Every structure is written in C-alpha cells, then in structure tokens.
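# Survey of secondary and tertiary structure
So you can see what is in the structure, the chains are spelled out below.
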Amino acid sequence: MENILEIKNLDISYSTHNGFLKSVDNLSITFEKGKVTGVIGESGCGKTTIINSIMKILPANAQIGKNSRIIFKGNDKNLLTIRKGELQDFRWRKASMVFQAAQNSLNPTLQISEQLMDSIWDHDSSISKKDCIRKTEKLLHMVRLNPERVMDSYPHQLSGGMRQRVIIAMALVLEPEFIILDEPTTALDVITQSFIFDILVDLQKQKNLSMILITHDLASAAKLAHNMVIMYGGELMEVAPSMKLFNNPLHPYTKGLLGAIPFIDGDIITKKSIDGTPPDLINKPIGCIFQDRCPKVFDRCKKEHPEIRDVPGSDGKRKVACHLEEIFNE
Ligand SMILES: Nc1ncnc2c1ncn2[C@@H]1O[C@H](COP(=O)(O)OP(=O)(O)OP(=O)(O)O)[C@@H](O)[C@H]1O
Ligand SMILES: [Mg+2]
C-alpha cells in the first residue's frame, strides 16, 4: 500500500478574543494512493482547517504546532514548511481543490467557456485557441455537461448542480493525481448530489485519482470513499475501511452518526440525531472529547484522554479512540 499523503501529529489552534481555540488536536491520518478517503464529522470539527493546512491557506490567526508534519508521496519534505516555489508546483500540478460552497465562486460576468479557457491558459500560455476550446469541451464532457449548452452560458443561467460540475471540471484542468473536495454537494438537492457523486465515482476510477472527500454526510461519502476517517472536536474518533465502518461501527460517535442517517420506513423518514451540542474547543474537557454526548460514558472517560489504538486483527487499518475495552476484545 502506497500513501499519497501523510498527516502526522497535526495541531492547529486559532487565536481568538476568548483564548486559543484548538481546532485540530494531534491528528495523524494516512491517505492511500488511488483511493478515496472520506473525512467525516459534524460542523466545526476541523475538516476545512485540515484541508487549508494542506493547501497552506490557513487564516492569519492560525498557529501550527511545531511537531506537525504533512508529507506528500513519501517525499521527506514537510509541506507545512516548504518554500513557496515548491508549493506552487504541489498546489497546482499535483493536487487540486474544490472549495466549500465553490459553486458560488464563478465569475458572474464571464461565460463558462471564458472561465475554463482562462484557467487553461493560466497554466499553459503556449496552447492554441483551437486546442484550448477542444480541451474545454473535453473537460465539460468529463463532468457530463453538454458543451453546446454550457459554453456560452453565464453562471446564473446554470443550475447549482451544473455550476458545481463546472467547478469540478476546473479542478481537472491540470490533470492532477490528487483532488481534495470540501463538501462538494452541500446546498444541492438530493438527486443532484447523487448525480455528482456518480460522476466523481467514474472520474476516480477512470483516472485512478487519489481523493480526500470532506463531508458531514456519512451516507453520501459511502458511495465514493474506500476509507473513512471520523472526527469529533478536532480529534480522530475512528478510522476504518468504509464497508467495515458501515457494517460494524465501533466508536459510540460513529454509531450515533450512522443512527443519524435518514431512512425511509413506509412513508415516514426517520432520522435520529445525536443529543447534545458540540464541545467547547477553547476549554476542552479533561478526558474524552465526546464524553458529554456519549451514551456509554463511564468514570475513566472523564479523567483520561483515550489515545487512538489499532483494533486487533485489522492490520492497522482500523483504529478507534475509546476506553471501552469491548471494542478491542472482540
Ligand atoms: N479563522 C478562525 N478563527 C477562529 N476560529 C476558527 C477560524 N476558522 C475556524 N474556526 C473554528 O475552528 C473550528 C473548526 O472549523 P472548521 O471550519 O475547520 O470546521 P469544519 O469541520 O470544516 O466545519 P463545517 O462542516 O461547518 O464546514 C470551529 O470551531 C470553528 O469555529
Ligand atoms: Mg468546512
């Protein structure tokens, strides 16, 4: 198994008026090459912060811990500390990004063809106009948009789902091997979401792309992700291959998230959410970060922080941060 990206001991705090907010806390994740890793958790658990640290676009009030490392393709350089020139190469040639709420970031005054062609030209000024048009059409086909219908349109003439597909096409301009998608389908209706996930599944397979898929929606991630990383309050709760996680969730938080997936029972859609509110990240509790909302909480959880541990017999592919011994003694 080869890794495309490794995050080691990532710590990120934001300086705020009320003190330091620990948004990512000693997080280590490996992302397998040619696979999709879903990073899942409720709003505010630190998903975008992680991605922004990979792309080096954290806001000015963010502080990165000094032992934190992000390693791309086994190269021993730490992305968090490399020079700007090297970063440019990483950011645009090897990795590309679809930002949260990106469908609203298209320029309203330019036709879709102009926006796509501009981004092709930005990276290859020697390309002829004819080739540039051909490439634009090819990119639109890849996201199942009809160039004849879309090329001359302005963003407001397209639906949200079509705009989002244009954004995905833009992320493909430089044929990256690695794509990061932050909530790519939020704000779209369920049918459109599902269609976009179908397109992403196809693209991933065709091009053997490595992907990070950020979402709070475990059910849609399941369609695409080979592996899942479950986060809560800036910490890892559980890591597992997707099927294993679905068939046999181990952490009480993962069980809660699965319970929160809507399912249709006759005519009634049932959805059970997890009780309680997200943790205070400025004054984090001693012990487990999930203790206040955990149905299985016991004494030790309030005193001792549970380290993330390998589940026996999983070849290091399953990890859980929980004090419940039954998880590790199956
Ligand atoms: N610039 C900032 N200054 C202070 N706090 C911040 C800043 N950006 C994010 N935070 C806080 O850091 C935590 C993690 O935020 P982040 O945006 O990474 O979460 P997220 O998992 O992406 O959430 P969402 O699902 O809503 O996009 C949250 O508590 C958030 O309020
Ligand atoms: Mg986010």
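Since this is a predicted model, take the numbers as computed values, not measurements. (Residues numbered from 1 in each chain as written. Chains lettered and ligands numbered in written order. Predicted model: local features only at pLDDT ≥ 70, side-chain atom pairs only at ≥ 80, totals over all residues. Heavy atoms only, no water.)

Regarding its fold elements, the protein chain presents 12 helices and 14 strands. A compact globule built from 330 residues should have a C-alpha radius of gyration of about 20 Å, and the protein chain, at 21 Å, falls within 12% of that. Projected onto its principal axes, the C-alpha coordinates of the protein chain cover approximately 70 × 55 × 45 Å. Excluding contacts between residues fewer than 6 apart, the proportion of contacts in the protein chain whose partners are at least 24 apart in sequence is 63%. When the accessible surface of the protein chain is split by element, carbon and sulfur atoms take 50% of a total near 16600 Å². Across the protein chain, 41 positive and 40 negative side-chain charges occur, with their mean positions spaced 3 Å apart. (Helix = DSSP H or I, 4+ residues; strand = E, 2+ residues; numbered from the N terminus. Rg over C-alpha atoms; globule rule 2.2 N^0.38 Å. Contact = heavy atoms within 4.5 Å. Areas by Shrake-Rupley, 256 points an atom, 1.4 Å probe, with all protein chains shown as cover. Lys, Arg positive; Asp, Glu negative; His and termini not counted. Charge placed at Lys NZ, Arg CZ, Asp CG, Glu CD.)

The next point concerns the pattern of salt bridges. One pass over the full model with this rule turns up 14 salt bridges. As a salt-bridge pair, K284 and D25 come within 2.7 Å of each other at their nearest N and O atoms. Taken together, the positions of K284 in the loop between strand 12 (268-270) and helix 11 (299-303) and D25 in strand 2 (residues 19-32) put the pair 259 residues apart, joining distant regions of the chain. Its relative accessible area of 24% is what places K284 among the partly exposed residues. (Salt bridge = Lys/Arg side-chain N within 4 Å of Asp/Glu carboxyl O. Buried < 20%, exposed > 50% of the residue type's maximum accessible area, 1.4 Å probe, protein only.)

Glancing now at the packing of helix 6 (residues 160-171) against helix 7 (residues 190-207). It is the contact of helix 6 with helix 7, at a shortest axis distance of 10 Å, that shows an interaxial angle of 20°. With respect to their mutual orientation, helix 6 and helix 7 come out roughly parallel. Seen along the crossing, helix 6 lies across helix 7 with a hand that is right-handed. Residues G161, Q164, R165 and I168 of helix 6 lie in contact with helix 7, whose contacting residues are T192, F195, I196, I199, L200 and L203. Looking at side-chain class alone, the contact of helix 6 with helix 7 contains six nonpolar, three polar and one charged residues. (Axes fitted to C-alpha atoms, helices over the stretch in contact; angles between N-to-C directions. Parallel < 35°, antiparallel > 145°, perpendicular 65-115°, else oblique. Left-handed = near helix turned anticlockwise from the far one by under 90°. Nonpolar A, V, L, I, M, F, W, Y, C, P; charged D, E, K, R; others polar.)

The next point concerns the coordination of the magnesium ion (ligand 2). The magnesium ion (ligand 2) binds to the protein through T48 (OG1) and Q100 (OE1), with metal-donor distances spanning 1.9 to 2.3 Å. In this pair, T48 sits in helix 1 (residues 47-54) while Q100 sits in the loop between strand 6 (95-98) and helix 3 (112-123), placing the two residues 52 residues apart along the sequence. (Donors = N, O, S within 2.8 Å, 3.2 Å for Na, K, Ca; no water.)

On to empty space enclosed by the protein. In the structure shown here, the tally under the stated rule is two cavities of 30 Å³ or more. By volume, the largest cavity amounts to about 80 Å³. Lining of the largest cavity is provided by 14 residues; of these, C288, C294, C301, C322 and H323 occupy positions nearest its centre. Here the residues of the lining of the largest cavity are counted per class, giving 10 nonpolar, three polar and one charged. Roughly 30 Å³ of internal volume is contained in the second largest cavity. (1 Å grid on protein atoms, 1.4 Å probe; cavity = no way out; pocket = protein on both sides within 12 Å on 5 of 7 lines; lining within 4 Å. Points joined across faces, edges and corners; volume = space filled by probe spheres on them.)

Around ligand 1, the structure places 17 residues, and the nearest of them are S43, G44, K47, T48 and T49. Here an oxygen atom of ligand 1 and a backbone polar atom of G44 are 2.8 Å apart. Between ligand 1 and the protein, one listed contact pairs an oxygen atom with a side-chain N or O atom of Q100 at 2.9 Å. The fraction of the free accessible surface of ligand 1 (640 Å²) that becomes covered by protein chains is 69%. Elements supplying a minimum of two residues to the shell around ligand 1: strand 1 (3-16), strand 2 and helix 1. Broken down by element, the residue count for the shell around ligand 1 peaks at three residues, all from helix 1. Broken down by class, the residue content of the shell around ligand 1 amounts to five nonpolar, nine polar and three charged. (Near = heavy atom within 4 Å. Polar contact = N/O pair within 3.5 Å; in protein donor to acceptor, adjacent residues only side chain to side chain.)

Take the pairing of strand 9 (residues 227-232) next. Of all six residues in strand 9, six are buried, a share of seventy percent or more. What you see with strand 9 is no split at all: N227, V229 and M231 on one side and M228, I230 and Y232 on the other are buried throughout. Where strand 3 (residues 36-40) meets strand 9, four bridges bridge the pair, whose relative direction is parallel. The residue of strand 9 that forms the bridge with T37 is N227. For strand 9 and strand 10 (residues 235-241), the ladder comprises six bridges, and the chain directions are antiparallel. Counterpart to V229 in the pairing with strand 10 is V239. Connecting the antiparallel pair strand 9 and strand 10 is a turn made up of two residues, with G233 showing a positive phi of about 55°. (Pairing = 2+ DSSP bridges.)

Another aspect to go through is helix 1. For helix 1, the buried fraction is high: seven of the eight residues fall into the buried class. Among all positions of helix 1, only K47, T49, I50, I51, N52, S53 and I54 are buried. Taken from the residues just after helix 1, K56 is the one with a positive phi, measuring 60°.

Let us look at the sheet that holds strand 7 (residues 178-182). Judged by pairing direction, the sheet is mixed, and its eight strands sit side by side in the order 6-7-8-3-9-10-14-13 without closing on themselves. At either margin of the open sheet sits one strand with a lone partner, and together these are strand 6 and strand 13 (309-310). In the packing of helix 1 onto the sheet, contacts are made with strand 3, strand 6, strand 7, strand 8 (210-215) and strand 9, and the angle to strand 8 comes to roughly 145°.

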